[in-house]
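# Secondary and tertiary structure notes
Read off the chains here:
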Amino acid sequence: MLKIRSNRFRTGETSPLFTTEVAEKTREFHSQIQGYEPTPLTSLPALAKELGVKAIYVKDESHRFGLNAFKVLGGSYALGRLLAKKLDLDISEIDLQTVSQKFERPMVFTTATAGNHGTGVAWAARAMGQKAVVYMPKGSPQSAVERIRGLGADCIVTDVNYDDTVRLANKTAEENGWELVQDTAWDGYEEIPTWISQGYMTMAGEAADQLAKLDDAQPTHVMLQAGVGAMAGGVLGYLADAYGPENFRSVISEPRAADCLYQSVSSENGEMTAVEGDLTSIMAGLACGEPNPITWPILRDCGDHFISATDNIAATGMRILGNPLKGDPAITGGESGALNIGLLYALRAKEEYAELAQKAGLNEESVVLIFNTEGDTNPERYRKIVWEGALPL
C-alpha cells in the first residue's frame, strides 16, 4: 500500500521563485479579493496523542472563498498577472472591481483540470469580468462539471486522460487566440505555471503566521500531496525559505497510479520521469503523470521523502478527518485533501510501516503540518467512502 523513497538528490538549495518576499505580493493580491480571509489552521491533539506525535496541524482549505478547495489561489493570481501584463500595469495596480471596464471585450482563459483548478479559474474569470473555457479528462464526475458551469464557464469533458487533455486545451487555445492558464509547464510555457505555484504560497504564508502564534511555532514535518507538483513545490519553496530547509523534514505523497515524482526521485539521475496510461485514482486532483518542470527542482533539492500510496490510504484519511477522536473537531476532507492524514495514520499506527515511519523521522517530538487541500468536491463518492466504508485500509 505504501512505498517510500528517501531523496538522495537533496541539496537543500532553495529557489528564488518561491520566497517569503514573493509570497507577500501574492498575499497582497489575494487580500483585495472580496471574501478573502485566511483559512483555519486546526489542531488535532487527540489524534496526535493516539499516533504518538507531539502535534498535528491541518490547514483546512475546504473553506477557501466558499469553493471547497485551494486551487483558486493559483488561478486567480495567474489571471491577475495576465490582466496586468495585458494592460502594462504592475499587479499591485490592478483593481479587481473595475478591471473588466478596461477591455472592449472579455479575455478568454482556458485550462485543463481534474476539477479544482478549473473551478478556481472559472471563479476567478467571473470575478474579474472575463470568460473561461475548461476541459476535463474522461471519467470526470458530473458534479465537478456542473460546479464549473455554474460559475459561468464552458466545460467540456474529453475522451482522453489528464495529460492528453492538457495538450488538447493548449491546442485549442492556440487556434482561438485564448490564454492558456495551466498549472504545469513545458518548454516555452513557464511563466503562467510559475505564477500559479506562487499563488499557492498564500496558504503557506498564512499557516506560518498561524503557527507563530502557537507554542509549536515551527513544524518538524511538512506533508504535501502532489499531482504535477505545482502546489507541493510552491509551498515547500516558501517553507524552505521561511524556516530553512535543514530545520524540517518534508514528505511528498502521490497516488500509486500516477506517482511521477516518486518515479523521478527513484530514477538514476533524478530526472523528471513521466507515468503513462489511465492514471485512474480516487485522488482525481493528483492523477497527473508528468511532473511540473518549474517546481521539480525545488522538490528534488529540498524534498526529503517521496511516498507512493494506494487509494485506500486517502479513503482512510477521509474517514479519520470526518469522524474524529473525542475533543478533536471534524474536518471534511476530500480524496486528495485527506491523503496525508491517512498516510500519517498508516505510518504511526500500522506495525508493517514502523520502519518507514522511522525512516521519515516521525516520533513523539514531531510537529506535523498537513494541508487539507479540498473538501467534499465529489459529494457522492465522499459519502460512499465516509458513510459506507468504501476502500478500507
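A brief report on the enclosed structure follows. Keep in mind that this is a model prediction, so the values were computed, not measured. (Residues numbered from 1 in each chain as written. Predicted model: local features only at pLDDT ≥ 70, side-chain atom pairs only at ≥ 80, totals over all residues. Heavy atoms only, no water.)

## Description of the side chain of Ser281
- Mapped onto the elements of the fold, Ser281 is located in the loop between helix 10 (260-266) and helix 11 (296-302).
- For Ser281, a relative accessible area of 11% gives the class buried.
- For Ser281, the side chain forms a polar contact with the main-chain nitrogen of Met283, separated by 3.0 Å.
- Setting aside anything within four residues of it in sequence, one finds Ser281 in contact with Pro255 and Asp311. (Helix = DSSP H or I, 4+ residues; strand = E, 2+ residues; numbered from the N terminus. Buried < 20%, exposed > 50% of the residue type's maximum accessible area, 1.4 Å probe, protein only. Polar contact = N/O pair within 3.5 Å; in protein donor to acceptor, adjacent residues only side chain to side chain. Contact = heavy atoms within 4.5 Å.)

## Re the packing of helix 4 (residues 116-127) against helix 5 (residues 142-150)
- Two numbers describe how helix 4 lies on helix 5: the axes approach to 9 Å, and their chain directions differ by 10°. Regarding the angle of helix 4 to helix 5, the classification is roughly parallel. Our pair here, helix 4 against helix 5, has a crossing hand that is left-handed. Along the contact surface, helix 4 presents Asn116, Gly118, Thr119, Ala122 and Arg126, while helix 5 presents Arg147, Ile148 and Gly150.
- Of the residues in the contact of helix 4 with helix 5, the class split is two nonpolar, four polar and two charged. (Axes fitted to C-alpha atoms, helices over the stretch in contact; angles between N-to-C directions. Parallel < 35°, antiparallel > 145°, perpendicular 65-115°, else oblique. Left-handed = near helix turned anticlockwise from the far one by under 90°. Nonpolar A, V, L, I, M, F, W, Y, C, P; charged D, E, K, R; others polar.)

## Examining helix 13 (residues 339-349)
- Of all 11 residues making up helix 13, eight are buried, and the element is well covered by its neighbours.
- By the burial criterion, the buried members of helix 13 are Leu339, Asn340, Ile341, Gly342, Leu343, Leu344, Ala346 and Leu347.

## Thoughts on the sheet that holds strand 4 (residues 108-112)
- In space, the four strands of this open sheet follow the order 6-5-4-7, with parallel pairing throughout. A strand with exactly one partner marks an edge of an open sheet, and here the two such strands are strand 6 (154-157) and strand 7 (179-180). (Pairing = 2+ DSSP bridges.)

## Looking at the pattern of salt bridges
- Tallied over the full model, the rule gives 14 salt bridges.
- Measuring nitrogen to oxygen at the nearest pair gives 3.4 Å for the salt bridge that ties Asp154 to Lys131. One end of the pair, Asp154, is in strand 6; the other, Lys131, is in strand 5 (residues 131-136), with 23 residues separating them in the sequence.
- Asp154 sits in the partly exposed class, given a relative accessible area of 38%.
- One network of salt bridges, with partners in common, ties together Lys59, Glu61, Arg64 and Glu206. (Salt bridge = Lys/Arg side-chain N within 4 Å of Asp/Glu carboxyl O.)

## Things to note about the packing of aromatic side chains
- All chains considered together, the criterion is met by seven aromatic pairs.
- Here Phe29 and Tyr77 contribute two aromatic rings whose centre-to-centre distance is 5.8 Å and whose plane-to-plane angle is 70°, an arrangement assigned as edge-to-face. Taken together, the residues Phe29 in helix 1 (residues 20-31) and Tyr77 in helix 3 (residues 72-86) connect sequence positions 48 residues apart. Tyr77 carries the same exposure label as Phe29, and that label is buried. (Phe/Tyr/Trp six-rings, centres within 6.5 Å; stacked < 30°, edge-to-face > 60°.)

## What about the environment of Asp88?
- When you line up the elements, Asp88 lands in the loop between helix 3 and strand 4.
- For Asp88, a relative accessible area of 72% corresponds to the exposed category.
- For the pair Asp88 and Ala46, spaced 42 residues apart in the sequence, the C-alpha separation amounts to 52 Å.

## Regarding the state of the cysteines
- Applying the stated criterion to the full structure yields zero disulfides.
- Its sulfur unpaired, Cys288 is 7.2 Å from the next cysteine sulfur, which belongs to Cys260.
- Looking at the unpaired Cys302, the closest cysteine sulfur is the one in Cys260, lying at 18 Å.
- Cys302 gets classed as buried once you look at its relative accessible area, which sits at 2%. (Disulfide = S-S within 2.5 Å.)

## A look at the pairing of strand 8 (residues 221-225)
- The buried fraction of strand 8 amounts to five of the five residues, a majority that puts the element mostly inside the structure.
- Alternating positions in strand 8 separate into two faces, His221, Met223 and Gln225 on one and Val222 and Leu224 on the other, with burial throughout.
- Both strand 8 and strand 9 (residues 249-255) contribute to a ladder of five bridges, which runs parallel. Paired with Val222 across the strands is Ser250, a residue of strand 9.
- Following the chain from strand 8 across helix 9 (residues 230-243) to the adjacent parallel strand 9, one finds a crossover that is right-handed. (Right-handed = clockwise from strand over helix to strand, strands pointing away.)

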